[in-house]
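This is what each chain is made of:
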Amino acid sequence: MLSMIGLIGGLALLIFLTMRGMNLLVAGPLCALFVAVFSGLPLFPQLVGEGEANLVGNYMTGFSGFIASWYLMFLLGAIFGKVMEDSGAADSVSKWIVSKIGMKRAVLAIVIACAVLTYGGVSLFVVAFSVYPMAVSLFREADLPRRFIPAALAFGSVTFTMTSAGSPEIQNWIPIEYLGTSPYAGWEVSLIVAVFMMVFGYWWLRRMISKAVARGEKFIARDNDPVNENKALPNPLFGVIPLFVVLVISFIFHDSLQQSALIIALLGGVIATYLLNRKYFKSFWNAVSEGTLGALLALGNTAAVVGFGGVAKAVPAFEVAVNAMTSIPGSPLIGGAIAVSVIAGMTGSASGGQAIALPLLAPHYMDMGVNPEALHRVVSISSGALDSLPHNGYVVTTVRAICGESHQDAYNPVGALTVIVPLLGVVLAIILFSLGLGI
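Given the structure is predicted, the values throughout are model-derived calculations rather than measurements. (Residues numbered from 1 in each chain as written. Predicted model: local features only at pLDDT ≥ 70, side-chain atom pairs only at ≥ 80, totals over all residues. Heavy atoms only, no water.)

1. Digging into the overall build of the chain
This is how it is decided: In this description a helix means any DSSP run of H or I spanning at least four residues, a strand means any run of E spanning at least two, and both kinds are numbered starting from the N terminus. The atom set for the radius of gyration is the C-alpha atoms, and the globule formula is 2.2 Å times the number of residues raised to the power 0.38. Whether a residue is buried, partly exposed or exposed follows from its accessible area with a 1.4 Å probe, protein chains only, as a fraction of its type maximum: under 20%, in between, or over 50%, in that order. In this description, contact between two residues means that some pair of their heavy atoms is separated by no more than 4.5 Å. Each accessible area is a Shrake-Rupley estimate made with a 1.4 Å probe; only the visible protein chains count as cover when residues are assessed. In this tally, Lys and Arg are treated as positive and Asp and Glu as negative; His is ignored, and so are the chain termini. Just so you know, the charge point we use is NZ for Lys, CZ for Arg, CG for Asp and CD for Glu.
Looking only at helices and strands, the chain features 18 helices and 0 strands. For 439 residues, the compact-globule formula gives about 22 Å, and the C-alpha radius of gyration of the chain, at 21 Å, lands near that figure. Burial statistics for the chain: of 439 residues in total, 56% are counted as buried. Taking the intrachain contacts of the chain between residues at least 6 apart in sequence as the baseline, contacts between residues at least 24 apart amount to 80%. For the chain, the exposed surface amounts to about 17,700 Å²; the carbon and sulfur share of it is 66%. The averaged location of the 22 negative side-chain charges in the chain is 14 Å from the averaged location of its 22 positive side-chain charges.

Put into structure tokens, the structure is as follows:
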């Protein structure tokens, strides 16, 4: 009982402190300590046998493991975004988009850019780095409240693209190992759900922004924003080509190198930006330096939350919660969706929710004769719902480190689009599969 109180209380405290603006590098360990104390988890490695769970060991394993896996992707993603900004390539692309589709569709342009990169294989953690400079330019030109930029970035990245059939993102690939399916499992239902999430989510985002504008909210410039100078800008084509370089390289090397393909792809994007736009740079090396500092901050914030998840998974209450979630009666698709979504919410990770639940769910449900393709798609979509609570690493990185917003100002629209919209999507998927579509 105490362990469960600690687990739920620690998660609630982490969400509360995040919403209040506390630094994640402080809030993460503090909330992990709360969980450990209530669960009787030893605090230091020296107090337990080798390999046994303890607060410091588990926290730092999660923290350092995330950095080891993602440092180069964060670094190159942040540098790519900065060189696109410094060269004027992002401004050039944004002005071209506005001239073609009109200022009223500026938000749509951001969503589409994120969707293309995400479905092209660029890591969710770095898509925002690449598109943010363009988003700032578009919101500034359209005079829209900048607190909605994180929502636009997140909606285009972690909803209708991340968990759709064919997506190269890991959230669509983890179920393959346990269910023997393919990345295109349940593609008919996936297509319908993706279209629903895209249309409904975009309508909702536009509605929220329109209400804010009607209340008098406008774009507020900051000292560290790209300066809107009347300087010569590169050809828009030279701004688009680096994005396609990232997309193509990630496609080519994804099967052989998996997530390491992003290193080559993002490096290719940086090189392409420099070669095509080098005479337009204010200072290439300053852009690299600023991107490096931004990457370190974003990486640290995200790793702090992953470390909390490492401690949460080690306490007895977590196993009890997992067993309860995986034993829900009724339709296996409903049980699977709830289990994966709740565990993803507890750990703040969509991939973590799948990796923990599927080893238990898959054999049980496969023995019951559940269609593996339907289970694959439902599990994939549901993993992208409650994972986007305020403490989620992607949310923290995008809202705080990349966009420089507070959770109080920016999280509500982010939560609406990345929690509620995917939840509605998974309900629709279960209904369609229950009606026999795609089975």
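2. Points about the UniProt feature "transmembrane region" (unreviewed entry) in the chain
For the record, the criterion: UniProt positions are given in the numbering used here, feature names are shortened, and annotations may be inferred rather than shown by experiment.
Per the UniProt record, "transmembrane region" (unreviewed entry) is annotated on residues 63-85, 106-132, 184-205, 232-253, 259-276 and 414-437. When the span residues 63-85 is considered, its composition is 100% helix and 0% strand, and the gap between its end C-alpha atoms is 30 Å. Each end of residues 232-253 is marked by a C-alpha atom, and these two atoms are 35 Å apart; helix forms 82% of the span and strand 0%.

3. Focus: unusual backbone geometry
Although it is not a glycine, Asp143 adopts a positive phi angle of roughly 55°. Tracing the sequence through the fold places Asp143 in the loop between α6 (124-142) and α7 (149-158).

4. A look at helix α16 (residues 372-383)
Structurally, the α-helix is built with 3.6 residues per turn, so residues lying three or four positions apart point the same way. What counts, and what does not: Here, expected helix span is obtained from the residue count minus one, scaled by 1.5 Å. Side-chain atoms alone can form a polar contact between residues adjacent in sequence; in general such a contact is a pair of N or O atoms within 3.5 Å, and within protein one must be able to donate a hydrogen while the other accepts it.
Compared with an ideal rise of 1.5 Å per residue, which puts 12 residues at 16 Å, α16 spans 16 Å between its outermost C-alpha atoms and is within 8% of the ideal. By the criterion of burial, α16 is predominantly enclosed, with 10 of the 12 residues buried. By the burial criterion, the buried members of α16 are Ala374, Leu375, His376, Arg377, Val378, Val379, Ser380, Ile381, Ser382 and Ser383. Looking at the buried side of α16, the elements it contacts are α8 (170-179), α9 (187-214), α14 (332-347), α15 (350-367) and α18 (407-434). The N-cap of α16, judged by a side-chain oxygen 2.9 Å from the amide nitrogen of Glu373 a few residues on, is Asn371.

5. Quick look at the nonpolar core
Formally: Side-chain atoms within 4.5 Å are what join buried Ala, Val, Leu, Ile, Met, Phe, Trp, Tyr and Cys residues into a set we call a nonpolar core.
Ranked by internal contacts, the top residues of the largest apolar core, which has 136 residues, are Val107, Ile110, Val131, Phe139, Leu153 and Leu205. When residues of this core are assigned to their parent elements, the largest contribution, 14 residues, is made by helix α3 (residues 55-86). Ignoring anything within four residues of it in the chain, the contact list for Val131 reads Ile110, Ala113, Cys114, Leu117 and Leu153.

6. Let's talk about the environment of Gln171
One can find Gln171 in helix α8. Residue class for Gln171 comes out buried when judged on its relative accessible area of 8%. Apart from the residues lying within four places of it in its own chain, the contact partners of Gln171 are Leu124, Met162, Thr163, Ala350, Ser351, Gln354, Ser380 and Ser383.

7. Some words on the environment of Arg215
Relative to the helices and strands, Arg215 is located in the loop between α9 and α10 (236-257). Looking at Arg215, the relative accessible area reads 55%, which means it is exposed. Side chain to side chain, Arg215 and Glu217 meet in a polar contact 3.3 Å long.

8. A look at the packing of aromatic side chains
Under the convention used in this document: Stacked, tilted and edge-to-face are the three classes applied to pairs of Phe, Tyr and Trp rings, where Trp contributes its six-membered ring and a pair requires centres within 6.5 Å; stacked means planes under 30 degrees apart, edge-to-face means over 60, and tilted covers the rest.
Counted under the stated rule, the structure contains 10 aromatic pairs. Ring geometry for Phe196 versus Phe200: centroids 5.7 Å apart, planes at 5°, classification stacked. In this pair, Phe196 and Phe200 are both assigned in helix α9, 4 residues apart and thus about one turn of the helix distant. One aromatic cluster is present, formed by Phe196, Phe200, Trp203 and Trp204 through successive ring pairs.

9. Thoughts on a nonpolar patch on the surface
Definition in use: Patch members must show over 30% relative accessible area and no salt bridge, and they are joined within 9 Å when carrying like charges or within 5 Å when they are nonpolar side chains of Val, Leu, Ile, Met, Phe, Trp or Tyr. The term salt bridge refers to a pairing of a side-chain nitrogen on Lys or Arg with a carboxyl oxygen on Asp or Glu at a separation within 4 Å.
A contiguous nonpolar surface patch, about 670 Å² in accessible area, is contributed by Met1, Leu2, Ile5, Leu30, Leu33, Val37 and Phe38. Listing elements by their share of the nonpolar patch, those giving two or more residues are α1 (2-19) and α2 (24-39). When residues of the nonpolar patch are assigned to their parent elements, the largest contribution, 4 residues, is made by α2. You can see Val37 is positioned in helix α2.

10. Remarks on the pattern of salt bridges
Here the structure, examined in full by the defined rule, presents 5 salt bridges. Between Lys82 and Glu290 there is a salt bridge; the shortest N-O distance is 3.5 Å. Placement of Lys82 in helix α3 and of Glu290 in helix α12 (residues 284-312) is noted, with a sequence separation of 208 residues between them. Assessed through its relative accessible area of 19%, Lys82 is described here as buried.

11. Let's talk about the packing of α7 against α9
Rules: To obtain each axis, a line is fitted to C-alpha atoms, and for helices this fit is confined to the stretch in contact; angles are then taken between N-to-C directions over 0 to 180 degrees. Any angle between 65 and 115 degrees counts as roughly perpendicular, while under 35 counts as roughly parallel, over 145 as roughly antiparallel, and the rest as oblique. Amino acids are sorted into nonpolar (Ala, Val, Leu, Ile, Met, Phe, Trp, Tyr, Cys and Pro), charged (Asp, Glu, Lys and Arg) and polar (every other residue, Gly among them).
For the pair α7 and α9, the least separation of the axes is 11 Å and the interaxial angle reads 175°. As summarised for this structure, α7 and α9 are arranged roughly antiparallel, according to the angle between their axes. For the pair formed by α7 and α9, the contact residues are Ala151, Ala152 and Phe155 on the first element and Met197, Met198, Gly201, Tyr202 and Leu205 on the second. Class assignment for the residues of the contact of α7 with α9 results in 7 nonpolar, 1 polar and no charged.

12. A look at the side chain of Arg147
Structurally, Arg147 can be placed in the loop between α6 and α7. In this structure the side chain of Arg147 is engaged in a polar contact, spanning 2.8 Å, whose partner is the side chain of Glu217. In this structure, Arg147 is in contact with Ala212, Arg215, Glu217, Glu405, Asp409, Ala410 and Pro413, ignoring residues within four places of it in sequence.

13. A closer look at the packing of α3 against α12
Condition: Should the near helix be turned anticlockwise from the far one by less than a right angle, the crossing is left-handed, and should it be turned clockwise, the crossing is right-handed.
Axis separation between α3 and α12 bottoms out at 6 Å; the angle between their running directions is 150°. One finds that α3 runs roughly antiparallel with respect to α12. In this structure, α3 meets α12 at a crossing whose hand is right-handed. In terms of residue class, the contact of α3 with α12 is made up of 24 nonpolar, 8 polar and 3 charged.

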